[in-house]
Amino acid sequence: MIFAKPYFLLLLLLLIPIIVWYVWKRNSITSKMQVSSIEPFIGAKRTYKYYLLHVPFALKMIALAMLVFVLARPQAANEWDNKNAEGIDVVLSLDISASMLAQDLKPNRLIAAKDVANKFVLQRTNDNIGLVVFSGAASSTCPLTTDKNALSSLISSIDTGMVRANGTAIGVGLATAVSRLKDSKAKSKVIILLTDGSDTGGRITPLKGAELAKSFGIRVYTVGVGTNGMAPMPVKNVTTGAIEMRMEAVEIDEQTLKDIASATNGKYYRATNTEELSSIYENIDKLEKSKVSISNFAHRKELYLPFASVALGALLLSLILSTIVLRRNP
């Protein structure tokens, strides 16, 4: 048995002065009883009331002690749950440029990527996972966290307007993810970089970003999503201002993504449909497992009820003895 709030046990010390006061008071009363003769008491038979005289006080002390135990919150935790869990530190770096609205993946590349990323996040229960989004610039949307529900909500809210910079700055997106992991103490640090295009420039080149990742011991898995060639793309009609879907040429710089993965001891994947994208994340999930030992109490149970019951019973019995059994006759 353990106590969730053991400092309340110090209240037991208050019982000592109460008991001392009671004994002193009883002795004082006895010493003041003066009788001219003890003859009336010689041979007098002691009744049960004599033996029960101090019982109400003892019961009250027991009740107070039990209430102190209740306040200290006794709990059962005599079993340890020792297990090996699998946990790593991961940052998802997701391209949210306008081309991610292409519909060669259904319903479009961005929604497909978000759905698969959400599934990946929710099944990695022991991992710290963060989120970076990028187009022409990058935004660190979520730091490393184990709150998968909060992270899942953030992923679901991603749209192409979150970063107000046109283009696809792959190097900047990678470097921003590295900044989230560089101080991590985890044995395994991973970035999953997903993009559908080629680097269009930025303060940091993709290969420079790869060098940064390598210097901090971070492995990068790169994912090229979408089909090369013609794909339905959202284009603004200059006359009406409406967004229309048109067939536009799309090219993924696979060589750069392969170089990033190779430089960091990662792996490059290509997804031309939603099923392939889903299988890629499943594959990464199997590859990235890091054993960590976790020990904690199993089946912690509150045990205050027996103590509360004894306290209540002691108070009731004390009341019955004082008001009925030991009550003086008028």
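The rules we used
Residues numbered from 1 in each chain as written. Predicted model: local features only at pLDDT ≥ 70, side-chain atom pairs only at ≥ 80, totals over all residues. Heavy atoms only, no water. Axes fitted to C-alpha atoms, helices over the stretch in contact; angles between N-to-C directions. Helix = DSSP H or I, 4+ residues; strand = E, 2+ residues; numbered from the N terminus. Parallel < 35°, antiparallel > 145°, perpendicular 65-115°, else oblique. Contact = heavy atoms within 4.5 Å. Nonpolar A, V, L, I, M, F, W, Y, C, P; charged D, E, K, R; others polar. Pairing = 2+ DSSP bridges. 1 Å grid on protein atoms, 1.4 Å probe; cavity = no way out; pocket = protein on both sides within 12 Å on 5 of 7 lines; lining within 4 Å. Points joined across faces, edges and corners; volume = space filled by probe spheres on them.

Trainee: An account of the packing of helix 4 (residues 109-123) against helix 5 (residues 148-156) is requested, with residue identities and associated values reported.
Mentor: Two elements in contact, helix 4 and helix 5, have axes whose closest approach is 10 Å; the angle formed by their N-to-C orientations is 175°. Taken together, the axes of helix 4 and helix 5 lie roughly antiparallel to each other. Each of Lys114, Ala117, Asn118, Val121 and Leu122 in helix 4 lies in contact with helix 5, whose residues at this interface are Lys148, Asn149, Leu151, Ser152, Ile155 and Ser156. A class-by-class count of the residues in the contact of helix 4 with helix 5 yields 5 nonpolar, 4 polar and 2 charged.

Trainee: Please set out the sheet that holds strand 1 (residues 2-3) residue by residue, giving values where relevant.
Mentor: As summarised here, the arrangement of the 3 strands in space is 1-2-13, forming an open sheet in which the pairing is antiparallel. The open sheet terminates on both sides in strands that have one partner only, identified here as strand 1 and strand 13 (301-302). As judged from the 2 bridges shared by strand 2 (residues 74-76) and strand 13, these two strands associate in the antiparallel manner. Bridging from a neighbouring strand, Gln75 pairs with Glu302 of strand 13.

Trainee: Residue-level account of empty space enclosed by the protein, with values.
Mentor: On inspection of all chains with the given rule, the structure shows 2 cavities of 30 Å³ or more. Roughly 50 Å³ of internal volume is contained in the largest cavity. Lining the largest cavity, in full, are Leu92, Ser93, Leu94, Ala113, Ala117, Leu131, Ile192, Leu194 and Tyr281. Listed by contribution, the elements that provide at least two residues to the lining of the largest cavity are strand 4 (89-95), helix 4 and strand 7 (189-195). Considering every element that reaches the lining of the largest cavity, the biggest residue donor is strand 4, with 3 residues. Per-class residue counts for the lining of the largest cavity are 8 nonpolar, 1 polar and no charged. Its boundaries defined by the atoms lining it, the second largest cavity holds a volume of some 40 Å³. In terms of lining, the second largest cavity is formed by Val116, Lys119, Phe120, Gln123, Ser278, Tyr281 and Glu282. Mapped onto the lining of the second largest cavity, the elements with two or more residues apiece are helix 4 and helix 9 (274-287). Examining the composition of the lining of the second largest cavity, we find that 4 residues originate from one element, helix 4, more than from any other.

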